[in-house]
Structures are given as structure tokens and as C-alpha cells.
Amino acid sequence: MHTNIHEIAEGVYRLSTLVPEVAPGGFTFNQYLIVDDEPLLFHTGARQLFPLVAEAVSKVLDVERLRWVSFGHVESDESGAMNQWLAAAPGGEVLFNGLGCMVSLNDLCDRPPVVAEPDTARSLGTHAVRTIATPHVPHGWEAQVMFDETTSTLFCGDLFSQVGEGPALVHDADLIQPALDAEDMFGATALTAATAPTLRTLAALEPRTLALMHGPAYAGDGRQALLDLADAYEARLATSLDLAHSGAI
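Values in this document were obtained by computation on a predicted structure and should not be read as measured data.

**With respect to the packing of aromatic side chains**
Right, on to step 1. Scanning all chains against the criterion turns up six aromatic pairs.
Right, on to step 2. Between Phe42 and Phe155, the aromatic rings sit 5.7 Å apart at their centres with planes inclined by 40 degrees, giving tilted as the arrangement. Placement of Phe42 in strand E4 (residues 40-42) and of Phe155 in strand E11 (residues 153-155) is noted, with a sequence separation of 113 residues between them.
Right, on to step 3. We classify Phe42 as buried; its relative accessible area is 0%.
Right, on to step 4. What links up through ring pairs into an aromatic cluster is the set Phe27, Phe29 and Phe186.
Right, on to step 5. For Arg67, the ring lying beneath its charged end belongs to Trp68, and the centroid distance is 4.0 Å.

Here it is in C-alpha cells:
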């Protein structure tokens, strides 16, 4: 395995590792590095992938410079290497929403995490990032996304996950059917009454780039993609409820 590096927006790098055995065609595990006065890594990767990802980061900047580490929720592929990054970057800290810090990270982090102020942008130098809590969307009580206001990039974690290896960056491609196909395979999304409204709230950010954890980054009408995903999940939830009420499931 190896980790590929591509700049997907100004100062934003996608670090992608294809793991072939996870799904037919493989499954990409992506981290995103914002290069700035206070560099930030979104997604740590799993512990076993740390040497590969750290080597990739070192080709962009000195790993010791890393200031912030964040991720979408507490799960091995998103946060597994968290403490390895903290050890490699003496000035680094985990930045996360208050709920995630309270229920998990205050105990799991080798250094105390920093609570991200709700809906308040944090300056990294040139970039300003906002941490947005999205409980149970796509899954995990402490789930969150991060929005880079400078480049209008939404680091959307497991939203839009798809299998296979494709380009690092796609333009105006269909994200919905590949996401639904992956959902049929994994069943990873917590479909609740809050799922579609949360996605529509994110759509209001009007992101120009969607930084997927699993799949290509997307440049185009992020607002419409989020609205379309909300509609698709809302329809699936309605179908599930109808089947439950009829006694079919």
C-alpha cells in the first residue's frame, strides 16, 4: 500500500490510501492536511496506517509542525492514530466538539483535547475553520464536520462514502448513487428524523469542495449534492418506516 498526495483546494491536501480487501475494488481512507501557520490534520488514519500517512505528511510539511488534529467521530479509521500524531508533534492538540471531549476524548487523548467553540471559526493563519456538530450524522453521537471558510471546503467525514479507487478530485460527478450503493453494502448511516434536516443545514454553507473520507474529493455544487443526499436518505427512511408499520420488517 502507499499513500497518494494531491492538493484539492488552495493549501488543502488529500492523503489517500487504498486498502484493497475492505470492499470490491478497494476502499480509500483519506486524511486532509491544511497547510498554514497552524497546520491542521482532519482524520488521523488507523494506527497501522500511521507510518504511511506520516511519511506522506512529511513530504508536504515537517510533521513536528502539526498544530491541530481533528476528525469526524471516534472510530479507528478516523481517530485511531490520534496519540501517535500527538507524540510526533509536541505542540499538537486535538480539536473537537464539547460532547466528544466529554464522552471520549478527555480520557482517550494523551494530552487534553481543546473544545471547539460551537459555530465559531478558528483562525489557522490564512484559513479559518469551523467545527459543526452533527450528532448521529452519518453515525456516532459525537459526530461532527469541519468547514474551511477560506476555501469553502467541507470536511464531511463518512458522508458520500463510496467504494473503489477513483481520481483524487472529481468535478460535478454523481455522488449520490455511489453513496447509496456503499450504503447498501455497509449499512453504516444512522437514518433518523434528524438526518435529512442536518444535511440541509450543511447545504446552506454552499461548499465548493467536499472532502470525502472514503472516495474522491468533489469540486462543484456541494450545496446541491447535500440536498440530493438529504432527499435520498429521507426517502429511504420513509420506506423503512412504511415497511415497519406494515409488519414487513
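**Some details on the sheet that holds strand E9 (residues 128-133)**
Right, on to step 1. Strand order across the open sheet formed by seven strands is E8-E9-E10-E11-E13-E14-E12, with mixed pairing between neighbours. The open sheet is flanked by strand E8 (122-123) and strand E12 (169-171), the only strands paired with a single partner.
Right, on to step 2. Judged from the two bridges that link them, E8 and E9 form a sheet pairing that is antiparallel. Opposite Ser123, over in E9, you have Ala128 as the bridge partner.

**Some thoughts on the sheet that holds strand E3 (residues 27-34)**
Right, on to step 1. One open sheet accounts for seven strands, arranged E1-E2-E3-E4-E5-E6-E7; its pairing is mixed. Pairing within the sheet leaves two strands with one partner each, and these edge strands are strand E1 (3-9) and strand E7 (114-115).
Right, on to step 2. Packing of helix H1 (residues 50-58) onto the sheet brings it into contact with E1, strand E2 (12-19), E3 and E4, and relative to E2 it is tilted by some 150 degrees.
Right, on to step 3. Strands in contact with helix H4 (residues 98-108) are strand E6 (93-96) and E7; relative to E6, the strand with the most contacts, it is inclined by about 125 degrees.

**Focus on a negative patch on the surface**
Right, on to step 1. On the surface, a cluster of negative charge is made up of Asp172, Asp174, Glu206, Asp221 and Asp228.
Right, on to step 2. By the element assignment, Asp228 lies in helix H7 (residues 222-246).
Right, on to step 3. Judged by relative accessible area, Asp228 falls into the partly exposed class, the value being 31%.

**Considering the pairing of strand E10 (residues 144-148)**
Remember that side chains alternate between the two faces of the sheet whenever the strand is regular.
Right, on to step 1. Most of E10 sits inside the fold, with five of its five residues counted as buried.
Right, on to step 2. Residues Gln144, Met146 and Asp148 line one face of E10 and the alternating positions Val145 and Phe147 line the opposite face, and both faces are buried.
Right, on to step 3. Two strands pair when backbone bridges link them, and E9 and E10 are joined in this way by five bridges, in the antiparallel orientation. If you follow Arg130 over to E10, its bridge partner there is Phe147.
Right, on to step 4. Between E10 and E11, which pair antiparallel and follow one another directly, the connecting turn spans four residues, one of which, Ser152, has a positive phi of 55 degrees.

Definitions and limits used
Residues numbered from 1 in each chain as written. Predicted model: local features only at pLDDT ≥ 70, side-chain atom pairs only at ≥ 80, totals over all residues. Heavy atoms only, no water. Phe/Tyr/Trp six-rings, centres within 6.5 Å; stacked < 30°, edge-to-face > 60°. Helix = DSSP H or I, 4+ residues; strand = E, 2+ residues; numbered from the N terminus. Buried < 20%, exposed > 50% of the residue type's maximum accessible area, 1.4 Å probe, protein only. Lys NZ or Arg CZ within 6 Å of the ring centre and 35° of its normal. Pairing = 2+ DSSP bridges. Contact = heavy atoms within 4.5 Å. Axes fitted to C-alpha atoms, helices over the stretch in contact; angles between N-to-C directions. Patch = residues over 30% accessible without salt bridge, like charges linked within 9 Å, V, L, I, M, F, W, Y side chains within 5 Å. Areas by Shrake-Rupley, 256 points an atom, 1.4 Å probe, with all protein chains shown as cover. Salt bridge = Lys/Arg side-chain N within 4 Å of Asp/Glu carboxyl O. Lys, Arg positive; Asp, Glu negative; His and termini not counted. Charge placed at Lys NZ, Arg CZ, Asp CG, Glu CD.

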